[in-house]
Amino acid sequence: MKRVMKWLLAAAVALAALPAAAQLQFGRMDTGLYLGGSIGGSEYRNACAGIVGVSCDEKDVAWKGFAGWQFNRHLGLELGYANLGKAEVSGTGVSVRSRGADLVGVFTLPINEMFAVYGKAGVAYMRTKANAPGGEVKENTTDPTFGGGVRVNFARNFAARLEWQRYHDVGDENTTGKGKIDYWSIGLLYGWY
């Protein structure tokens, strides 16, 4: 997981320096359809709460694909699919993993033609699987999700995003366990503007 975070930081620095170094032209990304993907790391908060005497790995590599529509410079709607990796109790065969779709509203505040900050909030339909030596349990839940980040418009129709998103109350308390999952990522998107 430390390696993933180092890659995310290096990629963010490279993306910030790229436009100045290459003197690329970038677009405003006002309205239209966009598609993209991201990769990063997930952290399951309190996935192993109550388990004593063993180590627990609550961090994993995660990824996401998304499509959105930018209504104007400030408002958009985005549909995504995220695979949030898993949390695992070492040496026991016990693990929990989550994946699912989310629908969020995106509010963007442009700083200039190149940089913007944004926040997003909505709902996620998550499928959570808990594995143990005795078998597997699955739960489907609808949970709130929210997050935010920075967007860099580094070329015409292309942008990069550095983002954090929280999936809240994922899973079921009585079967798979219930908790929060944080997803840190760097992404690339292409927009038809």
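Residues numbered from 1 in each chain as written. Predicted model: local features only at pLDDT ≥ 70, side-chain atom pairs only at ≥ 80, totals over all residues. Heavy atoms only, no water.

Quick look at the overall build of the protein chain
Broken down by element type, the protein chain carries one helix and nine strands. Along the protein chain, from the amino end to the carboxyl end, the secondary structure elements read α-β-β-β-β-β-β-β-β-β. In the protein chain, the share of contacts with a sequence separation of at least 24, taken over all contacts with a separation of at least 6, comes to 63%. Of the roughly 10000 Å² of accessible surface on the protein chain, a fraction of 61% belongs to carbon and sulfur atoms. (Helix = DSSP H or I, 4+ residues; strand = E, 2+ residues; numbered from the N terminus. Contact = heavy atoms within 4.5 Å. Areas by Shrake-Rupley, 256 points an atom, 1.4 Å probe, with all protein chains shown as cover.)

What about the pattern of salt bridges?
Within the structure shown, the criterion is met by eleven salt bridges. Ionic pairing is found between Glu113 and Arg73, a salt bridge with its closest N-O pair at 3.7 Å. Of the two residues, Glu113 sits in the loop between β5 (94-110) and β6 (115-132) while Arg73 sits in the loop between β3 (59-70) and β4 (75-89), which places them 40 residues apart along the sequence. Here Lys86 ties to Glu88 by a salt bridge, and the two come within 3.8 Å at their closest N and O atoms. When salt bridges that share partners are traced, they join Glu43, Arg45, Arg166 and Asp182 into one network. (Salt bridge = Lys/Arg side-chain N within 4 Å of Asp/Glu carboxyl O.)

Let's talk about the nonpolar core
Counting residues in each nonpolar core, the largest one holds twelve residues, listed as Tyr44, Ala62, Ala82, Leu84, Ala87, Val96, Ala124, Met126, Tyr167, Val170, Ile181 and Tyr183. Broken down by element, the residue count for this core peaks at three residues, all from β4. For Met126, the residues in contact, after removing those within four places along its chain, are Leu84, Ser98, Arg99, Gly100, Glu139, Asn140, Thr141, Asp143, Tyr167 and Val170. Among the nonpolar cores identified, the runner-up in size contains seven residues, and Tyr34, Val104, Tyr118 and Leu189 belong to it. (Core = buried A, V, L, I, M, F, W, Y, C linked by side-chain atoms within 4.5 Å. Buried < 20%, exposed > 50% of the residue type's maximum accessible area, 1.4 Å probe, protein only.)

Concerning the pairing of β5
When a strand is regular, its side chains alternate between the sheet's two faces. Bridging between β4 and β5 involves 13 bridges; their strand directions are antiparallel. From the neighbouring strand, Val89 faces β5, where its bridge partner is Val94. Pairing analysis gives 16 bridges linking β5 to β6, with the strands arranged antiparallel. When the sheet's bridge partners are listed, Leu103 is paired in β6 with Val123. Between β5 and β6, which pair antiparallel one after the other, the connecting turn spans four residues. (Pairing = 2+ DSSP bridges.)

Description of the side chain of Asn157
The topology assignment puts Asn157 in the loop between β7 (135-155) and β8 (158-172). A polar contact of 2.8 Å, which involves the side chain of Asn157, links it to the backbone oxygen of Gly191. (Polar contact = N/O pair within 3.5 Å; in protein donor to acceptor, adjacent residues only side chain to side chain.)

Topic: the pairing of β4
Across two bridges, the pairing between strand β2 (residues 56-57) and β4 is antiparallel. By the bridge assignment for β4, Cys56 is matched with Val89. Across eight bridges, the pairing between β3 and β4 is antiparallel. Directly across from Ala67, in β4, lies its bridge partner Leu79. What sits between the antiparallel neighbours β3 and β4 is a turn of four residues.

Some details on the packing of aromatic side chains
Throughout the structure, instances matching the rule amount to seven aromatic pairs. Note on Tyr190 and Trp192: the rings are 4.9 Å apart at their centroids and 80° apart in plane angle, and the pair reads as edge-to-face. Note on Tyr190: relative accessible area 29%, which makes it partly exposed. Members of the aromatic cluster, each reached through a chain of ring pairs, are Phe154, Phe158, Tyr190 and Trp192. (Phe/Tyr/Trp six-rings, centres within 6.5 Å; stacked < 30°, edge-to-face > 60°.)

Re the environment of Gly105
Looking at the element boundaries, Gly105 is found in strand β5. A residue is classified by how much of its surface remains accessible, and Gly105, at 30% relative accessible area, is partly exposed. Through-space distance from the C-alpha of Gly105 to that of Gly68 is 9.5 Å; in sequence the pair is 37 residues apart. With near-sequence residues (within four places) excluded, Gly105 lies in contact with Gly76, Leu77, Gly119, Lys120 and Ala121.

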